[in-house]
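Listed below are the residues making up each chain.
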Amino acid sequence: MSAIETVRESYRLLDDTKFGSIVKGIFLFGLLAALPYLIEVDVAGMELAATLSLKVLILTLIYAYTAQSWNIMSGYTGQFSFGHAAFFGIGAYATQKLVVSFTLNPWIGMLIGGFVAVLYGLIIGFLTFRFKLRGHYFALATLAFAELINVVVTNMSELNAANGYYKPFPRDYGASYGLSAFQFQSDLPYYYLIFGFLVVVTVISWIIKNSWIGLYFFAIREDEQAASSVGVPAFRYKLLGIAISAFFTALGGAYWSMYFNTIRPNTVFALFKNVEILLPAVVGGVGTLLGPIVGSFIVTPVSEIARTSFSGINGLDRIIYGAFLVAIVIYSPNGVISWPERAKKLWNRVRNNKEVTDK
Amino acid sequence: MPSVATSAGAILVLQSGLGRFIDPFAQFITDLLNMEAVLLQLLVFGLLLGGVYALTALGLTMIFGVMDVINFAHGIFLVLGMYTVWSVTTTLGINPFIGIPIAAVVLFAVGIGVHVLVVEPIIEAPQQNQLIATLGVLFIIQSGIEIAFSPNPQQINLSLGSLKIGDVFVPLGQFYALLIALGTMLAVRAFLNRTNLGRKIRGTADNRDGARYVGINVPRINYLTFGIGAALAGVAGASIALFQRFDPFTGDIYLINAFVIVILGGLGSFSGAFVGGLMIGLIQVYGGYYLPGTTAQVLIFLLFIGTLLIKPEGLFGGVDV
């Protein structure tokens, strides 16, 4: 038995045990935790850090996190939301507004923002599910709710209208740099913070997927009528899905507002923010646990690297990004997560053909 | 006593908050009772704008109705129409009114190209894939325009002046745009109702499978529909360019309003698109006059959500493409 076969065999044994997926998950997250150091490792005179900075990694994890949150609702229950920027923006705005106006600690503001987003999500869900909107109509309705809150905030002088907020210093709300202030003086702690967020949402996503809740979610996604007829309370579980999803998306918005210096309606509530949130999940694989993370590691660095390396001509990076989106959707409709499977199938077909020709 | 102060503050905030919503409407009703001349002027502006809005929604409603694809590139097709008519007038010195049919032809070709390269392969794919693919097209075209013509706003210097009827001004640029919109809508309607190809398109919109069974070449209908939809966007964009400044990012707001009009009027309904367009135009003009900032857009989204909830098939429900 060659070495590679031993590895393959032990991998299959690991797959068969009950804890296989947990071990793999821990390995993956360990890799993510080590990533800031890995990119600085010198390989043959080249280091990844030249193209992939810590900032890009943080951005990648933010979008992995929000896509994972989006996935809980849209991937699992099949209710395709095109308006998650609403929740994201609510989280960002609640945190900043409470810090600036009431000197409330951002962690508390973040939780309040999460609950406000849940409330908004429940209103959206109650109305749209009650009136049985689905497909394109549901997507457009969620988009309308997101644009609605965008315009409302843009016109509210209480929320600084179109100017938005500038992140206050920790001493403005009686704290000093560190975890309790939600602000750090370097990027590395920020990385581990969003990494923690991602671990939490992924674990919760995994628990949901492996519990009766996930079973109900998937039943609703596959055939809502059939699910209802065997006693799945579809309406209530769809509301649960949107509530969980809204809560975690808002937390992502809060993180965003504490990492970047400013928030404005046309950044956190932007039309394009809706897309940025769902894109990693679609690219990676909708409804899968790993899809949003893998997808974000493809989409976000491509966008950022294109931006930095084609900065000579304004807009060229967006052309490349657009072409990349089109290509990935056409050639990989089920997401990147299906590539190993597809490669295996292709390999088998090639091998079978070879055997046929050998005979 | 801080509690008294805060509660008094809360009442003040509440009053100013409510007043913000009530005052403009009170003002509107006072003006209505006094028969202010400004109301008539606003009505004219609203109708002029609404007619053009209806035309922007026409192509979208056709593509949505026939192919069941949400085309996010529609807004950028409009912008492409604007830049086409602008470049033929400024560089070749051609009359902008001749530029409009040129924009239609260019956009028809672009539409077919986009369809063959991007939409055709994913026409049966889940909606999120269609959305992202058409969004990719939006980025490509938008940045292409940005690189070719710079991101600065452009405009066609027509200086057509305006007509004065009684106390009411009618800006001629907008008036011609409205005429073009009406003419195009009537022409498309006649095409769909009277010609053989038009009937095939309507049949496909009604029932794609049924159309296939009776021998209609559905893929061909698809690319023609996409081409015609893009051409209509080209005409709409070109006529907007007659009276308004534009830049590569103008398309976004038109795209969102076009979605609202499509839902408002009913999927694939032409008369619905027309009435929906007029409604949005009137809300924007009256709202812009009476309400602060861009609050009128809030009304539009509330109307949109209300329609989706209560009558998702639209005011003119059913399909009559």
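Each chain has its residues counted from 1, following the order in which its sequence is written. As they are written, the chains are lettered A onward and the ligands numbered 1 onward, keeping that order. In keeping with the model being predicted, local features are shown solely for residues with a pLDDT of at least 70 and side-chain atom pairs are shown and tallied solely at 80 or more, while totals for entire chains, interfaces and linings include all residues. As a convention, hydrogens and water are excluded, and side-chain values are obtained from all of the structure's heavy atoms.

Attention now goes to the interface of chain A and chain B. Many analyses report the size of an interface as the accessible area lost when the parts associate. Contacts between chain A and chain B engage 42 residues on the former and 44 residues on the latter. Roughly 3900 Å² of surface becomes buried between chain A and chain B when both sides are summed, with 78% attributable to carbon and sulfur atoms. Accessible area that two parts lose when put together, with a 1.4 Å probe and added across both, is what the buried area reports. Looking only at chain A, the three residues that lose the most surface to chain B are A:His136, A:Tyr137 and A:Leu140, adding up to 18% of its buried area. Take a side-chain nitrogen of Lys or Arg and a carboxyl oxygen of Asp or Glu: if they are within 4 Å of each other, that pair is a salt bridge. In this assembly, chain A and chain B are joined by zero salt bridges. N or O atoms within 3.5 Å of each other form a polar contact, as long as, within protein, one can give a hydrogen and the other can take it, and as long as residues adjacent in sequence are counted only when both atoms are side-chain atoms. Taken together, the connections running from chain A to chain B amount to two residue pairs in polar contact (both at pLDDT 80 or more). Each helix is a run of DSSP H or I of at least 4 residues and each strand a run of E of at least 2, with the numbering of both proceeding from the N terminus. Those elements giving two or more residues to the side of chain A that touches chain B turn out to be α5 (106-130), α6 (136-154), α12 (271-284) and α14 (316-331) of chain A. Counting residues per element, the side of chain A that touches chain B draws most heavily on α6(A), at eleven residues. Each residue is assigned to one of three groups, with Ala, Val, Leu, Ile, Met, Phe, Trp, Tyr, Cys and Pro labelled nonpolar, Asp, Glu, Lys and Arg labelled charged, and all others, Gly among them, labelled polar. In terms of residue class, the side of chain A that touches chain B is made up of 31 nonpolar, eight polar and three charged. Contact criterion: two residues are considered in contact whenever any of their non-hydrogen atoms come within 4.5 Å of each other.

Two aromatic rings, drawn from Phe, Tyr or Trp (for Trp, its six-membered ring), form a pair once their centres lie within 6.5 Å of each other, and the interplanar angle then sorts them: stacked below 30 degrees, edge-to-face above 60, tilted otherwise. Applying the stated criterion across every chain, the model contains 41 aromatic pairs over all chains. Seen in terms of ring centroids, B:Trp86 and B:Phe149 are 5.5 Å apart; in terms of plane orientation they differ by 85°. Their pairing is edge-to-face. Of this pair, B:Trp86 sits in helix α3 (residues 74-92) while B:Phe149 is found in helix α5 (residues 127-149), placing the two residues 63 residues apart along the sequence. B:Trp86 sits in the buried class, given a relative accessible area of 13%. One aromatic cluster is present, built from ring pairs that chain together A:Tyr63, A:Tyr65, A:Phe88, A:Trp107, A:Phe182, A:Phe184, A:Tyr190, A:Phe197, A:Tyr255, A:Trp256, A:Tyr259 and A:Phe260. Sitting over a ring, as applied to charges here, requires NZ of Lys or CZ of Arg to be within 6 Å of the ring centre and within 35 degrees of the ring normal. One residue, A:Arg130, lies across the ring of A:Phe235, its end atom 4.3 Å from the ring centre. Taking NZ or CZ as reference, A:Lys273 lies 3.8 Å from the ring centre of A:Trp256, over its face. The classification of residues rests on relative accessible area computed with a 1.4 Å probe and restricted to protein chains. Under 20% of the type maximum is buried, over 50% is exposed, and intermediate values are partly exposed.

A few words on the pairing of strand β1 (residues 162-165) of chain B. Direction of pairing for β1(B) relative to strand β2 (residues 168-171) of chain B: antiparallel, over a ladder of four bridges. Along β2(B), the bridge assignment pairs B:Leu163 with B:Val170. At least two DSSP bridges between two strands are needed for those strands to be called paired.

The residue B:Leu309 is located in helix α12 (residues 296-310) in this model. For the pair B:Leu309 and B:Gln142, spaced 167 residues apart in sequence, the C-alpha separation works out to 33 Å.

All right, on to α12(A) then. All names here are of chain A. Bend is computed residue by residue as the angle between axes fitted to the seven residues ending at the residue and the seven residues starting at it. Where α12 bends most, at Leu 278, the angle is about 40°, and the proline Pro 280 comes one to four residues later. Within α12, twelve of the 14 residues are buried, which leaves it mostly tucked inside the rest of the structure. Those residues of α12 not exposed but buried are Leu 271, Lys 273, Asn 274, Val 275, Ile 277, Leu 278, Leu 279, Pro 280, Ala 281, Val 282, Val 283 and Gly 284. Downstream of α12 by a residue or two, Gly 285 has a phi angle that is positive, lying close to 145°.

Right, let's talk about the pattern of salt bridges for a bit. One side chain can pair with another of opposite charge once the charged atoms of both are near each other. Evaluated as defined, the whole model comprises six salt bridges over all chains. Its salt-bridge partner being A:Lys273, residue A:Glu276 comes within 3.2 Å of it at the nearest N-O pair. Placement of both A:Glu276 and A:Lys273 in helix α12 is noted, with a separation of three residues, approximately one turn of the helix. Among the residues examined, A:Lys273 registers a relative accessible area of 4% and is labelled buried. The residue B:Arg212 makes a salt bridge to B:Asp209 at a minimum N-O spacing of 3.7 Å. In this pair, B:Arg212 and B:Asp209 are both assigned in helix α8 (residues 208-213), three residues apart and thus about one turn of the helix distant. Of the residues examined, B:Arg212 reaches a relative accessible area of 43% and is grouped as partly exposed.

Now for the side chain of B:Thr56. Residue and element names in this part refer to chain B. Relative to the helices and strands, Thr 56 resides in helix α2 (residues 37-67). Here Thr 56 falls in the buried class, since its relative accessible area comes to 0%. At 2.5 Å, the side chain of Thr 56 forms a polar contact with the backbone oxygen of Tyr 53. Contact partners of Thr 56, with chain neighbours within four places excluded, come to His 74, Leu 78, Ala 236, Ile 240, Tyr 254 and Ala 258.

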